[in-house]
Amino acid sequence: LPEIDVFSIDLDTHIRSHSREDIQNFVAIAKRLTEDLFVAACGNETESKRLLATYIDPLPDSKTIYKLRLFAVTRCPSFFIPEIKDLLFRVFNAGERYSEIEGGAEYHQGLIAGFGILSQSDKDQYVSELIKYFGENLRDTDKERWRKRDALKILSYIKQHLTEQQIAEAESVYGKI
């Protein structure tokens, strides 16, 4: 269910007979359990990493699990810097399907929660790849316009972590952030 926002979904306790609501409630339960477990373990790096390795990492790689994984690691971002980097950079490896990763609120909330914890070199690499990937000239002008719009949205979430030079470079490609 691509429209489920794992970061903000909550359990609906009204009884329904529709499988769609059942699935949404199942995701809401998984989110609540993940949040409770990871927030409780945030003071203990070993336990936080054990939870990820035991309960999240074995799950199949799907859009919904990607969102849950991003949610989980951003509960205790200082313990999961490599995982956050991998999840945020994934957008650049999605080809034309980048919107399946970037298109949800989770990616933006993941950027807000996790981008600042990355090393400066990782932040620099991310911005460089963002400018290269989303600023590419395409034959399809609609796709090019959509990419530039999406890049501006991403840049607005991480602007506080950008250098003046990065802002100037991004604005020369995309316009005012």
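This text goes with the structure placed above it.
Residues numbered from 1 in each chain as written. Predicted model: local features only at pLDDT ≥ 70, side-chain atom pairs only at ≥ 80, totals over all residues. Heavy atoms only, no water.

Novice: Mind laying out the overall build of the protein chain, listing which residues take part and the relevant values?
Specialist: Across its full length, the protein chain holds nine helices and zero strands. Put simply, of all contacts in the protein chain between residues at least 6 apart along the chain, 58% involve residues at least 24 apart. Counting every atom, the protein chain has about 9700 Å² of accessible surface; 52% of that belongs to carbon and sulfur. Put simply, the protein chain has 24 plus and 29 minus side-chain charges, and the middle of one group is 2 Å from the middle of the other. (Helix = DSSP H or I, 4+ residues; strand = E, 2+ residues; numbered from the N terminus. Contact = heavy atoms within 4.5 Å. Areas by Shrake-Rupley, 256 points an atom, 1.4 Å probe, with all protein chains shown as cover. Lys, Arg positive; Asp, Glu negative; His and termini not counted. Charge placed at Lys NZ, Arg CZ, Asp CG, Glu CD.)

Novice: Explain helix 7 (residues 120–134) to me, and be specific about the residues and the numbers.
Specialist: Under the 1.5 Å per step criterion, the end-to-end length of helix 7 is 21 Å for 15 residues, consistent within 8% with the ideal 21 Å. Buried within helix 7 we find Asp122, Lys123, Tyr126, Val127, Leu130, Ile131, Tyr133 and Phe134. Packing partners of the buried residues in helix 7 comprise helix 4 (81–89), helix 6 (105–114), helix 8 (141–158) and helix 9 (164–174). (Expected span 1.5 Å × (residues − 1). Buried < 20%, exposed > 50% of the residue type's maximum accessible area, 1.4 Å probe, protein only.)

Novice: So what's going on with the environment of Ile154? Which residues, and what values?
Specialist: Among the secondary structure elements, Ile154 is positioned in helix 8. When neighbours within four sequence positions are excluded, Ile154 is seen to be in contact with Glu102, Tyr107, Leu111, Tyr126, Leu130 and Phe134.

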